[in-house]
Amino acid sequence: MPSPVRAFVAFGANLGDPTAAFALALERLDALPGTRVAAQSALYRSAPVGVGAQPDYINAVIALDTALAARPLLDALLAIEHEGGRTRNFHMAPRTMDLDLLLHGDSIIDEPGLQVPHPRMHLRAFTLQPLAEIAPDTVIPGIGTVAALLPTVADQAISRMIPAAPGDSRG
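## Topic: the pairing of strand β4 (residues 57-66)
Phase 1 of the analysis: Within β4, ten of the ten residues are buried, leaving the element largely enclosed by the surrounding structure.
Phase 2 of the analysis: Looking at chain direction, strand β1 (residues 5-13) and β4 are connected through nine bridges and run antiparallel. Each bridged residue has a counterpart across the sheet, and for alanine 10 the counterpart in β4 is valine 61.
Phase 3 of the analysis: As defined by bridge partners, strand β2 (residues 35-40) adjoins β4 across five bridges and the pair is classed as antiparallel. Across the sheet, the residue bridging to valine 37 is leucine 64, located in β4.
Phase 4 of the analysis: Here strand β3 (residues 43-46) runs beside β4; their pairing, made up of three bridges, is antiparallel. When the bridges of β4 are listed, serine 46 appears paired with tyrosine 57.

Printed below as a string of structure tokens:
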């Protein structure tokens, strides 16, 4: 397997039991070949963005050290979502689990079904705030550091819910 890279995955859920879904996602990600969970943010609550009336989302960001290339990692994320009960009834539907590949090392990828960095991650507090918690100096290629981008989303409501467990490894 190739040398591991640091990848970041956004977690979101607004149906079912988001805390249990987050635990399942962490377990499954840590079990992927050549992959380990390196850090995880606390859980955050945020209002849905760009959709009608839906329950608030529970969000987090997970740092992975992975030898998987971006496409196989994305395929694994989709399989974990499916296991977590994710259905895609319509665009931006409420969900039991959403896993988005935000960054894969310093790669810039624009292929059908796969864009890295995630094209809207720098516009969303629910992505930047948890990412800043575990890796504030991370550079979003072509955009800037996470810490420098935080003020641009300061008007978006987000609240930290559950602190990370004691002893969690950070970044």
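Now that the structure is up, let's keep going.
## Notes on the packing of helix α1 (residues 18-30) against helix α2 (residues 70-83)
How two helices pack is summed up by the angle between their axes together with the distance between the axes.
Phase 1 of the analysis: For the pair α1 and α2, interaxial distance at closest approach is 10 Å and the crossing angle is 140 degrees. Here α2 runs oblique to α1, going by the angle between their axes. Crossing hand, α1 versus α2: right-handed. Contacts between α1 and α2 involve Leu24, Ala25, Arg28 and Leu29 from the former and Leu77, Ile80 and Glu83 from the latter.

## Re unusual backbone geometry
As a rule of thumb, non-glycine residues mostly have phi less than zero, and peptide bonds are mostly trans rather than cis.
Phase 1 of the analysis: The linkage connecting valine 116 with the following residue, proline 117, adopts the cis geometry, with an omega of -5 degrees.
Phase 2 of the analysis: By secondary structure assignment, the location of proline 117 is in the loop between β7 (114-116) and α3 (125-134).

## Section: the environment of leucine 149
Phase 1 of the analysis: Mapped onto the elements, leucine 149 comes out in helix α4 (residues 146-149).
Phase 2 of the analysis: Expressed as a C-alpha distance, the spacing of leucine 149 and leucine 123, which sit 26 residues apart in the sequence, is 8.4 Å.
Phase 3 of the analysis: Aside from chain neighbours lying at most four places away, what touches leucine 149 is His122, Leu128, Ile140, Ile143 and Gly144.

How each quantity is defined
- Residues numbered from 1 in each chain as written.
- Predicted model: local features only at pLDDT ≥ 70, side-chain atom pairs only at ≥ 80, totals over all residues.
- Heavy atoms only, no water.
- Buried < 20%, exposed > 50% of the residue type's maximum accessible area, 1.4 Å probe, protein only.
- Helix = DSSP H or I, 4+ residues; strand = E, 2+ residues; numbered from the N terminus.
- Pairing = 2+ DSSP bridges.
- Axes fitted to C-alpha atoms, helices over the stretch in contact; angles between N-to-C directions.
- Parallel < 35°, antiparallel > 145°, perpendicular 65-115°, else oblique.
- Left-handed = near helix turned anticlockwise from the far one by under 90°.
- Contact = heavy atoms within 4.5 Å.

In short, the description is geometric, and any link to function would need to be established separately.
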